[in-house]
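# Observations on the three-dimensional arrangement
What follows is the residue order along each chain.
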Amino acid sequence: MTETSEPVTGARALMTALEGEGVREVFGLPGGANLPMYDEFTRCNIRHILVRHEQSAAHMADGYGRVSRRPGVCFATSGPGATNLLTGIATAQADSAPVVAVTGQVPVHFIGKDAFQESDIMGMANPVVKYAFQPRTPEEVPISVQKAFYIAATGRPGPVLVDIPKDVQSAHAKMRTVDSVSMRGYHPWTDPDIQNVERAIETLIRADKPIILAGGGTIISSAFAELQAVAEMLSIPVVTTFKGKGAFPENHPLSLGPIGMHGHAEANKIITEADCVLAVGTRFSDRSVGTFEDFESRRTIIHIDVDPAEIGKNQTTRVAVVGDVRASLRVMLRLLEARKVGPDEGGEWVRHAREMREYWQENLKIHPGELGAAKILRKLRQLLPPESVVTTEVGQHQMWASLFFDVISPGTFFSSTGLGTMGWGFPAAIGAKVARPGVPVVDIAGDGSFNMTENSLATSVLEDIPVIVFLVNNYSLGMVAQWQRTFYNRRMVGVDQGRCPDYVKLAESYGAQGIRAQSMDELDAAIRAGLKSDVATVIDIPIDPEEDVLPFVQPGTPLSKMILPS
Amino acid sequence: MMWAIFSILVENKPGILFEVTHMFRSRNFNIDSIAVGVTENPGLSRMTITTYGDERQLSQIGKQLDKMIDTVEVRRLDEHKTVYRELAIFKIKISNAEESMEVNKLINAYGAKAHDTRKDSIMAELTSTPDQIRAFEELAGRFGILETARTGMAALQRSGA
Ligand SMILES: Cc1ncc(C[n+]2csc(CCOP(=O)(O)OP(=O)(O)O)c2C)c(N)n1
Ligand SMILES: [Mg+2]
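Just so you know, these numbers come straight off a predicted model, no measurement behind them.

## Concerning the overall build of chain A
Looking only at helices and strands, chain A features 23 helices and 22 strands. Expected size for 566 residues packed as a compact globule is a radius of gyration near 24 Å; at 24 Å, chain A falls within 12% of this value. In terms of its C-alpha atoms, chain A occupies a principal-axis envelope of roughly 70 × 60 × 40 Å. In chain A, which comprises 566 residues, the proportion classed as buried is 61%. Surface summary for chain A: the accessible area is close to 21200 Å², and the carbon and sulfur share equals 51%. On chain A, the mean spot of the 53 positive side-chain charges and the mean spot of the 65 negative ones are 2 Å from each other.

## Side note on empty space enclosed by the protein
Residue and element names in this part refer to chain A. The final tally for this structure, using the stated rule, is 1 cavity of 30 Å³ or more. One number sums up the size of the largest cavity: a volume of about 30 Å³. Contributing to the lining of the largest cavity are Ile-271, Thr-272, Asp-294, Phe-295, Arg-298, Arg-299, Leu-559 and Ser-560. Looking at the lining of the largest cavity, the elements that each hand over two or more residues are helix H11 (265-273) and helix H13 (292-298). Looking at the lining of the largest cavity element by element, the count peaks at 3 residues for H13. Classifying every residue of the lining of the largest cavity gives 3 nonpolar, 2 polar and 3 charged.

## Brief notes about the coordination of the magnesium ion (ligand 2)
Residues and elements named next belong to chain A. Distances from the magnesium ion (ligand 2) to its protein donors, Asp-447 (OD), Asn-474 (OD1) and Ser-476 (O), fall at 2.1 to 2.2 Å. Read from N- to C-terminus, the donor residues coordinating the magnesium ion (ligand 2) fall into the pattern D-x26-N-x1-S. Of the two residues, Asp-447 is situated in helix H19 (residues 447-453) and Ser-476 in the loop between strand E18 (468-473) and helix H21 (478-487); the sequence distance between them amounts to 29 residues. Comparing Asp-447 with Ser-476, the two get one shared label, buried.

## Regarding the packing of helix H1 (residues 10-20) of chain A against helix H6 (residues 140-153) of chain A
All names here are of chain A. It is the contact of H1 with H6, at a shortest axis distance of 8 Å, that shows an interaxial angle of 30°. What the angle tells us is that H1 and H6 run roughly parallel. Handedness of the H1/H6 crossing: right-handed. Judged by residue contacts, Gly-10, Ala-13, Leu-14, Ala-17 and Leu-18 of H1 engage Val-141, Pro-142, Val-145 and Phe-149 from H6. Taken together, the residues of the contact of H1 with H6 sort by class into 8 nonpolar, 1 polar and no charged.

## Observations concerning the interface of chain A and chain B
Note: interface size is frequently given as the accessible area lost on complex formation between the parts. Facing 22 residues of chain A, the contacting portion of chain B comprises 19 residues. With both chains or domains summed, chain A and chain B bury close to 1500 Å², and 47% of this area falls on carbon and sulfur atoms. If you look at where chain A meets chain B, you find 3 salt bridges. Linking Asp-307 of chain A and Lys-67 of chain B is a salt bridge whose minimum nitrogen-to-oxygen distance equals 2.5 Å. Applying the counting criterion to the chain A and chain B interface returns 11 residue pairs in polar contact (both at pLDDT 80 or more). Its residues placed into classes, the side of chain A that touches chain B shows 9 nonpolar, 7 polar and 6 charged.

## Regarding the domain arrangement of chain A
Residues and elements named next belong to chain A. Along its sequence, chain A is organised into domain 1 (2-177), domain 2 (194-362) and domain 3 (365-550). Here domain 1 and domain 3 have C-alpha centroids that lie 31 Å from each other. Listed by partner, the interface residues are 24 residues for domain 1 and 27 residues for domain 3. For the pair domain 1 and domain 3, the summed buried area comes to about 1900 Å², and 63% of that belongs to carbon and sulfur atoms. Counting every contact that joins domain 1 to domain 3 gives 1 salt bridge. The salt bridge involving Glu-463 is made with Arg-47; its shortest N-O contact spans 3.2 Å. The interface formed by domain 1 and domain 3 includes 9 residue pairs in polar contact (both at pLDDT 80 or more). Broken down by class, the residue content of the side of domain 1 that touches domain 3 amounts to 9 nonpolar, 9 polar and 6 charged.

## Some points on unusual backbone geometry
All names here are of chain A. Note the cis peptide between Cys-500 and Pro-501, where omega equals 0°. Within the element layout of this structure, Pro-501 appears in the loop between H21 and helix H22 (503-509). Residue Pro-551 follows Leu-550 across a cis peptide bond; omega there is 5°. Residue placement: Pro-551 occurs in the loop between strand E20 (537-542) and strand E21 (552-553). For Ser-222, which is not glycine, the phi torsion reads 55° and is therefore positive. If you check the backbone angles, Phe-284 has positive phi at about 50° while not being a glycine.

## Focus: the pattern of salt bridges
This model, assessed by the stated rule, comprises 38 salt bridges over all chains. We note a salt bridge from Glu-546 of chain A to Arg-490 of chain A, for which the minimum N-O separation is 3.0 Å. Taken together, the residues Glu-546 of chain A in the loop between E20 and E21 and Arg-490 of chain A in the loop between H21 and H22 connect sequence positions 56 residues apart. Lys-91 of chain B is the salt-bridge partner of Glu-147 of chain B, the closest N and O atoms lying 3.4 Å from each other. In this pair, Glu-147 of chain B sits in strand E8 (residues 145-157) while Lys-91 of chain B sits in strand E5 (residues 82-93), placing the two residues 56 residues apart along the sequence. Residue Lys-91 of chain B is classed as partly exposed on the basis of its relative accessible area of 25%.

## What about the pairing of strand E5 (residues 99-105) of chain A?
Residue and element names in this part refer to chain A. The buried count for E5 comes to 7 of 7 residues, which makes it a mostly enclosed element. Every second residue of E5 is oriented toward a common face, with Val-99, Ala-101, Thr-103 and Gln-105 on one face and Val-100, Val-102 and Gly-104 on the other, all of them buried. Here 5 bridges tie strand E4 (residues 72-76) to E5, and the two strands are oriented parallel to one another. Bridge pairing in E5 links Ala-76 to Thr-103. For the handedness criterion, the β-α-β arrangement of E4, helix H4 (residues 80-94) and E5 is classed as right-handed. Here 7 bridges tie E5 to strand E7 (residues 159-165), and the two strands are oriented parallel to one another. When the bridges of E7 are listed, Val-102 appears paired with Val-162.

Criteria and cut-off values
Residues numbered from 1 in each chain as written. Chains lettered and ligands numbered in written order. Predicted model: local features only at pLDDT ≥ 70, side-chain atom pairs only at ≥ 80, totals over all residues. Heavy atoms only, no water. Helix = DSSP H or I, 4+ residues; strand = E, 2+ residues; numbered from the N terminus. Rg over C-alpha atoms; globule rule 2.2 N^0.38 Å. Buried < 20%, exposed > 50% of the residue type's maximum accessible area, 1.4 Å probe, protein only. Areas by Shrake-Rupley, 256 points an atom, 1.4 Å probe, with all protein chains shown as cover. Lys, Arg positive; Asp, Glu negative; His and termini not counted. Charge placed at Lys NZ, Arg CZ, Asp CG, Glu CD. 1 Å grid on protein atoms, 1.4 Å probe; cavity = no way out; pocket = protein on both sides within 12 Å on 5 of 7 lines; lining within 4 Å. Points joined across faces, edges and corners; volume = space filled by probe spheres on them. Nonpolar A, V, L, I, M, F, W, Y, C, P; charged D, E, K, R; others polar. Donors = N, O, S within 2.8 Å, 3.2 Å for Na, K, Ca; no water. Axes fitted to C-alpha atoms, helices over the stretch in contact; angles between N-to-C directions. Parallel < 35°, antiparallel > 145°, perpendicular 65-115°, else oblique. Left-handed = near helix turned anticlockwise from the far one by under 90°. Contact = heavy atoms within 4.5 Å. Buried area = accessible area lost by both parts, 1.4 Å probe. Salt bridge = Lys/Arg side-chain N within 4 Å of Asp/Glu carboxyl O. Polar contact = N/O pair within 3.5 Å; in protein donor to acceptor, adjacent residues only side chain to side chain. Domains from an automatic or database assignment. Pairing = 2+ DSSP bridges. Right-handed = clockwise from strand over helix to strand, strands pointing away.

Following this line, the structure appears as structure tokens:
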């Protein structure tokens, strides 16, 4: 425990504690109830990045957090500032992203009096945060911050709210911090039980048709090398969930890509045939497995997850290992090495998986148009350096990215997969660029989603955080349109976006670069221009508004019942 | 469907009841009864929650409770190794002297206490297991129950159990 000799204000204590956690940037927007905190930016080494809407601040912090694996920080004022954060906080919670959100609150004696810009953000945020603090004295501020970072980043990460009443920000106290945080009700570190890992190995080795299903937890724990070593040592084909996309290099011969509603045909086919699944860091979402009953009845499931509550939640498992994915896979590797399991060439099953992969890579029918989704995304892949970070928005373009944009360098692809928040990708890309300024960052966007947070162009331009918006533009809420075409006999309602706005002019009005690409050659040039540009670039790519995302597994049906392009 | 008692030690702090009950609501679990009180350690409260569900749901309830940062200890109690009691107060209607006698007999038979005895009603206070309370309620129902208040269950595991 350390204590300052002089009393400091709660606001100063907050900023000092943030510096202590290594925070260098904060995404936010000020207001009456957080003015004391804002005043402190003039006296500390933390950079403030001004947003145009608090939702974007939360998404930026989220993008920063996912890429750097350290909590991203966002600030908002009380009332509407705080409620504007909520969608972003809920998005981070759904995808287990480390975020610390700091809100101003009305002074303590006004709480409960329906004061101006008072909102019960503690109550509202409770269901969508990992934890929430409301320090009621300046002494409580630094320890709340320390605990917030500890909780946000450890175990299964998530967003933490720190709601600080204005009088607490202004009041003085000696600042006390602890050397290491512990909380009696929170024990995020569980060492994998060796016996369970042994049983997992036994079960895997005995299976005829084993497969690895890598989820988002693999990316969160950076278990890329371990995952690849296990797969190669046992020669097991690898599929991923959509959130786990890129946990395993998608150009690896054992990779078959994401399963699920818009999974790769080869991935959905191979997992349907598999008799044993080693599932690592996944919560078996309905989007990934189709139906819970069908998925668990077909095969033996081995489940590794850091969150004990995920074991048995959606799937009955034969063997469960509770522990960090990376730590657990390391134990598995050690045990495999002790057994002298060598790199395996693989038998009939692996050959079959490879043939399956090759067959579908050559024979999946793609849209014939000049700017078909597969073509433009493969072009982007071809021109982007492998270490580039890619985010997406939500809709058809997102699923095309999953189908046609191969992630080569693990842990470089991020999307709002759990909540499916339109508008996430662009601010998240800005946050990602702040975390990793040395690599190109691209948001694969849809027009509808981009509209929701496009004013982040101001932040990108003025704060000098250049990213590329790869706008797959069907002037339509395309995914909804696809469902209306498919399930509602083409009765189209509320999906046509008109020809509005002109995205080139929009970009230019913010001082960004806007380029329209109407052919493959123009697209090639536009991507190159974007990669060279030192301001944000919006590449407007008008596509056929009738193009569907296929394959498609309809909700509530098993993965085997996949609709393929005809 | 099975019945289960969860005994949970939680941080004694504002909003804790909301946090715990909200988890039940948001995950589609049921709360049958809930009793909360501070423990011998003023920093901790004990919540006793009775619930029902199939084995998968009950196991999930335990894990989701455990996952909450403000829960310090979560135990699913074995009812055979547990002392559990609920307090109920019934206001029972009385139409004549004969009924008054019968109600008093019932109260004695169940080890309940009589309060606020009037010409047309009597209050019965009963501390017992939910089964016994249900049985009493059924018998008292013949006379007419005017009002009821129940506390929810308090439970502690027997030593060595
Ligand atoms: C905030 C929000 N509102 C509504 C939806 C429902 N929704 C899912 S996809 C979609 C269409 C997205 O349109 P666009 O970004 O243009 O992508 P496209 O499908 O056209 O590629 C909508 C409205 C959502 N996911 N998020
Ligand atoms: Mg669109």
